[in-house]
Every structure is written in C-alpha cells, then in structure tokens.
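Chains, contacts and geometry: an overview
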Amino acid sequence: MSTDGDPDTLSDATALFLEDRDDGDHVLETVLAADAEHDTWTFDDIDLDSGTFGELVSSGIVEKVDSAYQVADPEVVEAVMAGEEFEEELDSAADDRGFDLERFWTAIDPRAMVALVGALVAVAGARMTAFRSVFRNGRVVSPANDPYYFRYWMEELIAESSGPTDYGILTDSPAGVFGTRPLAHATNWFVAELLGGGQGTADTVAAWLPVVASVALGLAIYKCTVLLTRDVRVGVASVLVFAVTPINAVYTGLGFIDHQLHQYFWLGITLLTLTWLAVDLQRRLESGIDGQVAVRDHLREHVTWLIVVTFGISIAAGIHSWGGSPLLLVPLAGYVAFRVAMDARADISPMRANLPLLVGLAVGSAFSLTLHHRWGWHTEFVATTPALVLGGSIAVAAIGELWQQIDVHLGGLLALEGLVATGGLFAFRRLQPEEWAEAIVRVNDMFFREGATETASLFSTEYFVIFGPLYQLGMGFYIALAVLGWIVWLVARRYEPGWLLVGTYAGYLLVLAGIQVRFAGQLAIPLAILTGLGTVRLLSAVELARPPVPFRDADSIHPDNSRDERAVAADGGLDPSIAIPEGQRIAYLLGIGLLVFGLSLIYVPSLTANATYSEGQVDAVDAIDEHAEAANRTYPANFVLSEWGDNRMYNHFVNGESRRYGYARNNYETFVSDTDPDGQYGQFEGRVGYVVMTETDSDVPAESTQAQLFKQYGAGGYSTDGLAHYQALFIDKDVAVFVVVPGATLKVPGEPGANVTVSTEESISGKSITYEQTATVSDDGRATVTVPYAGEYSVGNQTMQVSADEVLNRTTVTLKE
C-alpha cells in the first residue's frame, strides 16, 4: 500500500501496523532511530528481519530514496505512536513565531503524562522515607534542629492572628521574626491559617509543606527541561534524578520545614521563567525569522510579559525567603553578562533582547523594596540587592549595544563587563559603608561559621574528595559534569541562551557547594536537568533509546534543513514519544536505571536517618513532658539542657520555647566536660529544669560529668559519690534524662570523723540503680548529705523516709538517734 505522501493515509497505515503487531512500537522505534541518525540508510543499518522490513516498505511507512531508505514522514509516525492526531498544517502565525507556546502547554501526550506523574510520585516518596520517624507517639517529630525555629514562629503567628486575611500580623509581630527569612515565616503562617489554624494544622503544615513544595518544584524542573531539550523523556528523567538526589531529599523531607523549601521552590521558578524567555527568542530565530523581527515578535507576545511578572515575583520572593538570598543573584548577574555577549555575537540588540529580563528585575526590585519599607522585611542591603543587579545589568546591556557599533574582540566586551562589576562594588563600598559592612558580616557568617555538618565542603577529604558528591548528590553527579562540559562547548559556538542560563547557575552553585555542602541542595536543581539529559544520552549510546533532541545532528535544529527539522516537532520542538523496550533491552534499561537512580536512592534513607531522632530521644521527650506537667513546672523551670543540635526539639515539645539554642550551645559542652556537676548546678540559677545526656563516641574520663551522668546515672561509683541535684528520670541505650532538683538535705548522726553512707534503690525505665553517697561526720556529731531522690534511705542499720516535696523544696530531714 502506497501512502503517496498523504499524512492521513500514512497515519492509518501506521495505526494498522501497530494494531497487527505486538512488537510494533519496537520496530518503529528502530527505524525512527536510524532515521534520526542518518539522512538515508540501508537495511543493513537496522536490526530487523527481512519480512518485517518488507512490511514497512509495502505499507508506505518506509520509502525508498535512490538506493537507500528513509521513514516517509517521521512526524506522522511519532504522532500515531504517541496516540495523537496529526495535523498536517500549522497555523501560519505559529510558523511565523517558530515557537507556539499555546500548543506546547496544551499538547498532551498520555504516555508522557503517566511517566511524569510517576516521577512526581517518586519525588514525594523519596521525601517520605522517614515517615515512621516523623509521626511518633502522637507527635510530628521534625528531623534536625532548625525546623523547630520555623515551627515556633508559625505557632506564634497563628496564636496572634485572627485568620489568613490578618495581614497586619506580617508587620506588627515580635521583632526578629521578619528579620532574615520573612517570606518563609509568612508562607508557613498563611498556609496554616488557610487550612484552619490551630496546633493540629501547624503540625500538618510542618510535616507536609516541604513534600508539596518539592513536588511543585519537580513539575517546574520538568517544564524547564522540556523547554530546553524539546524532549519529554529528558524531562521525566530529570524529575527522577531530582527525586532521588540525597541532600535535596533530606532538606525537603517530611517534617523538614525550614527556609530551604522556600528558596528551592523560588529558585526553580526563576530558572523556569528565565528559560522560557531565552528559549522563546531562540526558537523564533531558529524558524528563520530575521533577528530584529524575532525580537520584536518576542516583545509583542502577551505571554512574554506574564512570564516577566512571574520572574519578578520569584526574584522578590527568593530575596525574602532566607538570609543568604543575595548569593543567588550572583549567577543571575553573571548570566546577564554572558548573555549580552552572546546576543552581541549573534548581531542581536542586547538591550532589546534582554528587555523582558530587565523589566522583570525592575518588578522584583520594586516588590523587594516595598516589602522592606512597608512591612520592615529583611535588611536594607538584602532588599536592595535586586536593584543593584538591575543597575549593573542595564549598564552591561548598554555596553553590549556600544560594542556592536565598534570593531572590538568579544573578549574585550567581557573584560569591560568585569570592570563594570568591579566598579559597581567599589562604588557601593564607598557610598554605602554601613551596608557594605553588613554584607561582609553576612559573608563571614555564611562561609566561615564552623561546627555544623553543612559547613564542610562537598569535596571533603573525609570522603576522599570524589565520594562526597556521590553521597550528597548521587551517582548522576559525574554524568552532569560531562554535560556541563558539553554546555560550555555548545554556548561557545552557538546561540543557546537557555543552556547558558542553566550552565551559569550550575557552575556557580558547584563552586559554592565546593566551599560549603549546604549549597548542594540548590545545585541539585540545575544539576537534575543536566543529569537527565546525560542519562538519556547514555541510553541512546547503548541503543536503548533514540538520542535526545539536543544531541541529534546539529543541522537538525537549523531552519535551512527542512527534512531534518522533523527532529524538532512543530508544536514547539517537543519530542513526545515515550516507549518501553522489550525483552533483553528492558533488563539493560533497568540496570542503567539502578546505576543512576538506585544508588542515589540508597543514600537518601541513610542521610535522612542522620537527621532524624531515635526512638529513645522521642521517649525522653514524653518522660520530660509528663514529669513537667505532673510537677507543674513552667518555663524556665522546665527548660531542657542538651546538645545544641537537639536542643530546639526537646524544648519545642516540653515548653514551646524553641526560638533559640544559644544557652545550650554556650554551656552544654562546658557542663559535660566539667568534673563537678553539683558545682555546675549552682551556675544554672533556675535556668535549667532537665538535662539530657547522649552517648559520645570518644572515651571520657570517669570523673567527668558525661561519665558520672550517662554511665553512672548520677548514682555514684568508680570512686565518685552520687550526685546531689540530678534525679534520673529516663534511661535508654543512647540517651539519659535527669531532673534538676534542689534535693533534700539529710542530717545523719555519728561519731565525729567517721564516714556515713546513705543509699537507696531506684528503678528508672525498668533499670535498677543503687544511689549512694558518703559524708564525714563533723564535730557537731552530724553528717550532712543532699540527695535527689524521694523514698527510703538506708543509713547503717537504720532507715529514713524522704518525700518528693522535700526533694523539690530542699527540706532538711534529720535522722533521730
């Protein structure tokens, strides 16, 4: 049957071929792959039997060209395979624009949608590996320490506000809440109030908002990737890579409500909107339109300005999401500098081509400054940063315009842009010395703060340099590095503003992560795009998939090759086909998938486990909480002293005061290393109600507080007496809790100079301990002993009773002779 070039006939023939053959998808994938790699090909170039090949030729799906073959119309065949109706002619306006946004966003490929939904489910699933550790004992136990700071302010704002429309709370709340992370706190509060407010809702938001935000970010990554690659397979692969990136999965995991979820999301929106602006102009140029006309049409498109506003909002939102937000405007400034050079090299007006970006920065600057001056959000320097970048960007674009008028090497333009940046910083330092000093303080705090795990380098020698990235970012890290090198090669030779954007952000964040691993969470976002592209390219190299669109014949993306433009589908360049290979090829696909994704997923639970709290720690919270309630202890009498990394968690559940951990950070190490715990009691001054001791990996001296409490439970032994002010409350293999009490003072008669021992048996968490303390009888014939437990004490062959009230009130109890 001949199709005679008729798309409808070819469509019917392809549908009939797929209906009649179980391996139809595989057969068509084979000839499409050959067609994508060669203009024409022969029977020997494909792995098909002669009967099947003859059927393809007779049905008109494959046609003979001279002495070789080619697919009659790959676009029609791919559309039928994807379950879509093929449209022979596009709207003339779409042809003129080269990139039809409406068709791109509305075209639905069922198989791609199913794959995308599955990938987004993987994003959520990877962030729920700690489900049992988070939902315990009727509590939402957030991992790590910092989330309890955000939970504190969310609950405080809920308590003070009258509902989600009470916007006065965003400016009239206690000082400090909107100082460095205003949007993060405001978003947490608004979502909680929108869902009904109250403690239960606050716990729900704390648990699930990070997961929801990650899924939304995953969708943004998919859209960004498909815009860049025009390949839905790469889009799905990128989302899967993002799903199992260990460090990002931990920082946005279940219960991890921190500033990260907000900054990651808005960074994703910034990248998506900038990518759209870059790709829209690039596609218009690729369609053969004159450069000036392409820029004009790009500026006249209504959607362009909707994207511009969204971009501006993302800039303002990102600035007010966390304290170090200006750091993420540095790669944007770098992108503008490189983009201007790229536009000038392509003989495109840098000012006009980047006008949407500049307007978006103006919108973001206006929003940022308005939030600062109207509501007091953030500091002056941080709120002004977008405006500084805007000013520098305008200057750089103007220089680019000037460069087009004179005959100067492109390197001269880049050097001049560097001088502009240096001059801008120098002027800022001279004109705003106070703001400059604040910026330096923030830089020092960001890069030179020690003590936290996240301050180590991604390439730490602790993991032999090369294993740190694998542990934090997964197996795909080195695949992404190879793609990053390809991007450098690509943008040096072609007009690729979209890839320039992603490459600039990825390179910059890679440097930051090399300084401190905390930035690997942001790096994971552009890195997912690179790894997704590299993964599909790897699959194509072993003939498990067609090459991704960006790696097909370079000529195929240029308008002067009408036949090869089939590699870029007419609905915006989207390659819609997703097919599952058969037989042995499935095993190969699974093997590579496990290599890239499986090993990364293995690290997610282990990294998450490092941040979650043990069962013993949660039980310790319950024990403290029950005791404090029974003893009617309120803050600060129920303050918990612990390691600073756990301190907010304990105090959040016991007394609700998880805003700070400074007291624990300044005093806990001194306390545990001291040799006189009862002497330390005198330093508490009523500030500490409970002490939580945790196991340490290193050996400690027997006389240290760590040993006396954690190993001896304060009961005495190893030549030390029992402690007077520490009553064991809970004992577990990795944690021990003590109530700080005044103690009851026992007066015991005896011969002057003689030693008197008092002892009692206690059962703590099912463990029996013997508390003993020895004192010397003074000249007045009495020994004085202070004890922390209520109960019956043995003194020689006598006993005496001590009540709980006497322990709590430091009552003197005398043993009668």
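Remember, predicted model here, so these are calculated numbers, not experimental data.

What counts, and at which threshold
Note on numbering: residues in each chain are counted from 1, in written sequence order. Residue-level local features of this predicted model are given only where pLDDT is at least 70; pairs of side-chain atoms are given and counted only at 80 or more, and the full residue set underlies all totals for whole chains, interfaces and linings. To get the side-chain values, all heavy atoms of the structure are used, and hydrogens and water are removed first. A side-chain nitrogen of Lys or Arg and a carboxyl oxygen of Asp or Glu constitute a salt bridge if their distance falls within 4 Å. Note on conventions: DSSP H or I runs of at least 4 residues are helices, E runs of at least 2 residues are strands, and numbering of each starts at the N terminus. Each residue's exposure class comes from its accessible area (1.4 Å probe, protein chains only) as a fraction of the maximum for that residue type: buried when under 20%, exposed when over 50%, partly exposed otherwise. Axes here mean lines fitted to C-alpha atoms, for a helix over just the part in contact, with angles spanning 0 to 180 degrees between N-to-C directions. What sets the label is the angle itself: under 35 degrees gives roughly parallel, over 145 gives roughly antiparallel, 65 to 115 gives roughly perpendicular, and the rest give oblique. Handedness of each helix crossing follows the sense of rotation of the near helix against the far helix: counterclockwise by less than a right angle gives left-handed, clockwise gives right-handed. Contacts between residues were defined by any pair of non-hydrogen atoms, one from each residue, lying within 4.5 Å. Only centres within 6.5 Å qualify two rings of Phe, Tyr or Trp (six-membered ring in Trp) as a pair; their planes then separate them into stacked at under 30 degrees, edge-to-face at over 60, and tilted for everything else. By definition, being over a ring means that NZ of Lys or CZ of Arg is both within 6 Å of the ring centre and within 35 degrees of the ring normal.

**Quick word on the pattern of salt bridges**
As enumerated under the stated definition, the model contains 14 salt bridges in all. With its nearest N and O atoms 2.8 Å apart, the salt bridge here joins R139 to D622. One end of the pair, R139, is in strand β4 (residues 139-140); the other, D622, is in helix α29 (residues 615-630), and 483 residues separate them in sequence. Judged by its relative accessible area of 15%, D622 is buried. For D203, the salt bridge identified is with R151, shortest N-O distance 3.0 Å. Of the two residues, D203 is situated in helix α12 (residues 198-229) and R151 in helix α9 (residues 147-160); the sequence distance between them amounts to 52 residues. Looking at D203, the relative accessible area reads 18%, which means it is buried.

**Concerning the packing of helix α15 (residues 259-286) against helix α27 (residues 520-541)**
Where α15 contacts α27, the two axes come as close as 10 Å, and the packing angle between them is 30°. One finds that α15 runs roughly parallel with respect to α27. Two packed elements cross with a definite hand, and for α15 against α27 that hand is right-handed. Residues Q263, Y264, L267 and L271 of α15 lie in contact with α27, whose contacting residues are G521, Q522, I525 and P526.

**Details of the packing of aromatic side chains**
Per the stated rule, a full pass over the model turns up 24 aromatic pairs. When the centroid spacing of 5.2 Å and the interplanar angle of 55° are considered together, the rings of F43 and F53 count as tilted. One end of the pair, F43, is in the loop between α2 (24-37) and α3 (50-58); the other, F53, is in helix α3, and 10 residues separate them in sequence. Look at F53 and you get buried, because its relative accessible area is 7%. Grouped by ring-pair contacts, the aromatic residues W41, F43, F53 and Y69 constitute a single cluster. Across the ring face of F242, the terminal group of R127 is positioned such that the distance to the ring centre comes to 4.8 Å.

**Topic: the packing of α12 against α27**
Two measures define how a pair of helices packs: the angle their axes make with one another and the distance between the axes. At their nearest, the axes of α12 and α27 sit 10 Å apart, and the two run at 50° to each other. As far as their axial angle goes, α27 and α12 are oblique. Helix-helix and strand crossings are classified by hand; for α12 and α27 the assignment is right-handed. On α27, the residues that touch L217, I221, C224, T225, L228 and T229 of α12 are I525, A528, I529 and L533.

**A word on unusual backbone geometry**
Cis geometry is adopted by the peptide bond preceding P636, which originates at Y635 and carries an omega value of 10°. In this fold, P636 is placed in the loop between α29 and β5 (640-641). One non-glycine residue with positive phi stands out, namely D347, at about 60°. Positionally, D347 belongs in the loop between α18 (330-345) and α19 (350-353). On the basis of relative accessible area, D347 is assigned to the exposed category, the value being 59%. For Y713, which is not glycine, the phi dihedral falls at a positive 60°. Using a relative accessible area of 17% as the deciding quantity, one classes Y713 as buried.

Keep in mind that these numbers describe shape and distance, not what the molecule does.
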